[in-house]
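Observations on chain architecture
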Amino acid sequence: MTLSTESDGHPVALDLTGETSPYPFFEYMRRTDPVWHGSLSDHSQMPEELRPNDEWVLFGYDGVFQAFRDDRIFTSAEYDKSIGLVMGHTILAMGGKEHHDHRNLVAKAFRATALERWEPSVIGPVCDELVDEIKNDGHADLVKAVTFEFPTRIISVLLGLPAEDLELFRRLSLDLISIPSDIVAGLNAAAELQGYFLNQVEQRRRKLTDDIIGDLVAAEIDGEKLTDEAIIAFLRLLLPAGLETTYRSSGNLLYSLLTHPEQLAMVYQDRSLIPGAIEEGLRFETPLTMVMRTTTQEVEIGGKTIPAGAQIDMCMGSANRDESRWTDANTFDVRRPRQAHIAFAGGIHMCLGMHLARMETRVMLNSLFDRVTDLAFVPDDGTGEESRIVGLTFRSPNKLPVRFSPVA
Ligand code: HEM
């Protein structure tokens, strides 16, 4: 399904299946109607009673930022009726004191300082091992070989899952995140993960271990511990929240570097550019372009009045290309002066795993650059299908065929 409009006599279309770039459409909307009474979703397959009757999309940075900050008016509670059906009542759908207390309990494990111990013991070895597996092959599809695999292996070690469960964990994670395309497989995976994680929690209640599940079992505020149900909801949320976003964002960054070989060479030579490249990758090709909120009361935003009870789609992908905030916003530039983007959202639900995501991506790039050289795109891998970034809400490359030489 396609939405189309016209700009200065030129057609501007948005392919809702995500087969073509949404950025020309986003740019047009930022310019003409940044607080738009409309929808970027194809609700035609959805039962009538579940369709939002009043939907708005925020395209500009200021509007998206304002709405994230004002979580009393722009509530995320409706997640209970969508992802909640699969994940349970998660931190994402909580607000006020419940969110504050719950977030405090889980945040400790994800602080930058708490993560430092994992870099030499887990993240570095996992990334090195993955690149070692391919470095002598001379070619690879980095999506298959690296970008999906490294966050999956890392999170399974950080959670403290037994090494022999990796295959099972990989399959269940893949099935769970494929829920938009295969609901049955997704629901089965959610049920299987429930039993699997419950068993892991019970083991730690008997004997505490030094891993994230152990941290969650031990976490306490004012004598209150997390219930099994809350821990399992949180663990299941980590798969779409932590795995899917990281694999997509690292693929996007590699795609952007590979299609800008002069910048890839620069980053390869000067590793101090890696942190800036990661932020620019997240801004330029935001892996999760939209999240949803619901208004609890009438509110004015960008000069428009939105009624209570409306669904608000916060288009972070568009906000991150807002030309009033970034010069040449449509250009990928790893040396761009730092200016906070909004790929990790903002306000109380701002991504809990952002330090982990940044660290994983930095370590993965270093492992790759330390082990292979002359890394370059293979434009024609013989399949007849070009490599490109696809998707509307979730975006990442369909594949990353590359060639390289091993570092001697
Ligand atoms: C580049 C990778 C990542 C991106 C782009 C990303 C993006 C986001 C966004 C946009 C939100 C807010 C969603 C909303 O408000 O509706 C969020 C929340 C969250 N993220 Fe991430 N994320 C990433 C990696 C991770 C990782 C690695 C983890 C953990 C392993 C994680 C765990 C979470 C959790 C638990 C929340 C909910 C926080 C709350 O509700 O207070 N994320 N993330």
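The following refers to the structure shown. None of these values were measured; they are calculated from a predicted model.

The rules behind the values
- Residues numbered from 1 in each chain as written.
- Predicted model: local features only at pLDDT ≥ 70, side-chain atom pairs only at ≥ 80, totals over all residues.
- Heavy atoms only, no water.
- Phe/Tyr/Trp six-rings, centres within 6.5 Å; stacked < 30°, edge-to-face > 60°.
- Helix = DSSP H or I, 4+ residues; strand = E, 2+ residues; numbered from the N terminus.
- Buried < 20%, exposed > 50% of the residue type's maximum accessible area, 1.4 Å probe, protein only.
- Lys NZ or Arg CZ within 6 Å of the ring centre and 35° of its normal.
- Donors = N, O, S within 2.8 Å, 3.2 Å for Na, K, Ca; no water.
- Pairing = 2+ DSSP bridges.

With respect to the packing of aromatic side chains
Taken as a whole, this structure holds 13 aromatic pairs when the rule is applied. Note on Phe284 and Phe332: the rings are 5.6 Å apart at their centroids and 55° apart in plane angle, and the pair reads as tilted. Of this pair, Phe284 sits in helix H14 (residues 274-284) while Phe332 sits in the loop between helix H15 (316-319) and helix H16 (354-371); the two residues are 48 residues apart in sequence, bridging distant segments of the chain. Taken individually, Phe284 and Phe332 each receive the classification buried, so the pair is uniform in this respect. Among the aromatic residues, those joined into a cluster by ring pairs are Tyr23, Phe25, Phe26, Trp36 and Phe59. Of note, Arg283 hangs over the ring of Trp326, and the distance from its end group to the ring centre comes to 5.5 Å.

Considering the coordination of the iron atom of the ligand
Here the protein supplies the iron atom of the ligand with just one donor, Cys351 (SG), and that contact is 2.3 Å long. With respect to the element layout, Cys351 can be found in the loop between H15 and H16.

Notes on the sheet that holds strand S9 (residues 290-295)
Two pairing modes exist for strands in a sheet, parallel and antiparallel, and in both the strands are linked by backbone hydrogen bonds. Ordered by their spatial adjacency, 5 strands build an open sheet running S3-S4-S12-S9-S5, and the pairing between neighbours is mixed. Either end of the sheet is taken by a strand with one partner, and the two such strands are strand S3 (35-36) and strand S5 (74-75). The pairing of strand S4 (residues 55-58) with strand S12 (residues 311-315) spans 4 bridges and is classified as parallel. By the bridge assignment, Trp56 is partnered in S12 with Ile312.

That's the geometry; what it means functionally is another story.
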